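What follows is each chain in one-letter form.
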Amino acid sequence: MLGWLSGRGLEVVLIILGSVLLARFVGWAGTRITDRIDRNATGGDALVRSEAAKHRHSLTQVLTWAAIVLIYSISVFFALDRLGVPITGLVAPATVLGVGLGFGAQRIVGDVLAGFFIITERQYGFGDVVAIQVLGGMEPASGTVEDVTLRVTRLRSPDGEVVTVPNGQIVKVINLSRDWARAVVDVPVPTSVDVNRANEVLREVGRAAFRDPALRPLLLDPPSVMGVESLDLEQVNIRVVARTLPGKQFEVGRDLRARVVQAFRSQGMQVPQAATVHDPADDGATAVQEGVR
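Residues numbered from 1 in each chain as written. Predicted model: local features only at pLDDT ≥ 70, side-chain atom pairs only at ≥ 80, totals over all residues. Heavy atoms only, no water.

By the naming in an unreviewed UniProt entry, the protein goes by Small-conductance mechanosensitive channel and is assigned to Blastococcus saxobsidens. Its UniProt record gives the protein a comment under Subcellular location (unreviewed entry), which states: "Cell membrane". (UniProt positions renumbered as here; feature names shortened; annotations may be inferred.)

This is the structure:
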């Protein structure tokens, strides 16, 4: 017994210990690489990063996970071999077990395949702001992507909640931070107001916003006034559009709405209490109560 413990038993212990240490080293190295990618790509902002950096981050996470699984799998086979278990004799039972698991774990296989295509096709990556429609779900899961693996995608919602979505259950993805984003603000103006005058006020708001040192870095070009988007008996909606850095459309939209209210007040023009703001997470415009007075 002592001879076995000092021989094969010790070898098994060393194999297990070595696999644990190697797996931890791989995890540590993957974390260091992703941290370096983030520092070089964002300069401190997790939302503004290049598409290549997002893809490298997600790919590093997946490769790290796959390497750890491979290390543990190989260590199990080495440990069984040192224990005297015939590996070749396990081929047939393993085949039957694999077929059974394949039928019983079809959803997991589907998740892994979906995750593979999400990463290789660069549909989204770490730091992207997305809205994910899940199979059978009523409301899309929205937030910032914090982790993408072959099986699941993890989001951080605006309320700080962590949402885990199986990749195989995703039927639609709206990427709000791919290359560039767009802030769309529909400004309601009473029909009694001269539309041409309102357009000129909004153009000046856009020029002032583009000149502002605090807002200028977030804008790709000066905000433009698209003109009357819709009208009814009491008001018309004039649309203002601004191209922004990825993920910054919400901040720019809030700033533009505040500037519009101040500009209209200074010109003696009234704005209705309800403003219609285009939300890119939806397929249309959503009425949002902004309390503008």
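Enquirer: Describe in detail helix H6 (residues 249-266), supporting the description with residues and values.
Expert: Along its 18 residues, H6 runs 26 Å from first to last C-alpha, staying within 8% of the 26 Å computed at 1.5 Å per residue. Directly beyond the C-terminal end of H6, a positive phi value near 75° is found at Gly268. (Helix = DSSP H or I, 4+ residues; strand = E, 2+ residues; numbered from the N terminus. Expected span 1.5 Å × (residues − 1).)

Enquirer: Run through the packing of helix H5 (residues 195-211) against H6, naming residues and quoting values.
Expert: Closest axis-to-axis distance for the H5/H6 pair is 10 Å, and the angle between their directions is 130°. Judged by the angle between their axes, H5 and H6 are oblique. The crossing of H5 and H6 is right-handed. The segment H5 lies against H6, with Ala198, Val201, Leu202, Val205, Ala208 and Ala209 engaging Leu256, Arg259, Val260, Ala263 and Phe264. Residues that form the contact of H5 with H6 fall into these classes: ten nonpolar, no polar and one charged. (Axes fitted to C-alpha atoms, helices over the stretch in contact; angles between N-to-C directions. Parallel < 35°, antiparallel > 145°, perpendicular 65-115°, else oblique. Left-handed = near helix turned anticlockwise from the far one by under 90°. Contact = heavy atoms within 4.5 Å. Nonpolar A, V, L, I, M, F, W, Y, C, P; charged D, E, K, R; others polar.)

Enquirer: Account for the pairing of strand E7 (residues 224-231), with residues named and values stated.
Expert: Sheet analysis places E7 next to strand E8 (residues 235-244), joined by six bridges and oriented antiparallel. Within E8, the position partnered with Ser230 by the bridge is Asn237. Following E7, the chain reverses through three residues before pairing antiparallel with E8. (Pairing = 2+ DSSP bridges.)

Enquirer: Which residues make up the packing of aromatic side chains, and what values go with them?
Expert: On inspection of all chains with the given rule, the structure shows two aromatic pairs. Aromatic pair Phe25 and Trp28: ring centres 5.9 Å apart, planes at 35°, arrangement tilted. Placement of both Phe25 and Trp28 in helix H1 (residues 2-42) is noted, with a separation of three residues, approximately one turn of the helix. Considering the side-chain rings of Phe116 and Phe117, the 5.4 Å spacing of their centres and the 75° angle between planes classify their relative orientation as edge-to-face. Here the basic side chain of Arg243 rests over the ring of Trp180, its NZ or CZ set 5.0 Å away from the ring centre. (Phe/Tyr/Trp six-rings, centres within 6.5 Å; stacked < 30°, edge-to-face > 60°. Lys NZ or Arg CZ within 6 Å of the ring centre and 35° of its normal.)

Enquirer: So what's going on with the environment of Pro158? Residues and values would help.
Expert: In this structure, Pro158 sits in the loop between strand E3 (152-156) and strand E4 (162-166). We classify Pro158 as exposed; its relative accessible area is 75%. Each C-alpha atom of the pair Pro158 and Gly143 lies 6.0 Å from the other, and the pair is 15 residues apart in sequence. If sequence neighbours within four positions are ignored, Pro158 has contacts with Ser142 and Gly143. (Buried < 20%, exposed > 50% of the residue type's maximum accessible area, 1.4 Å probe, protein only.)

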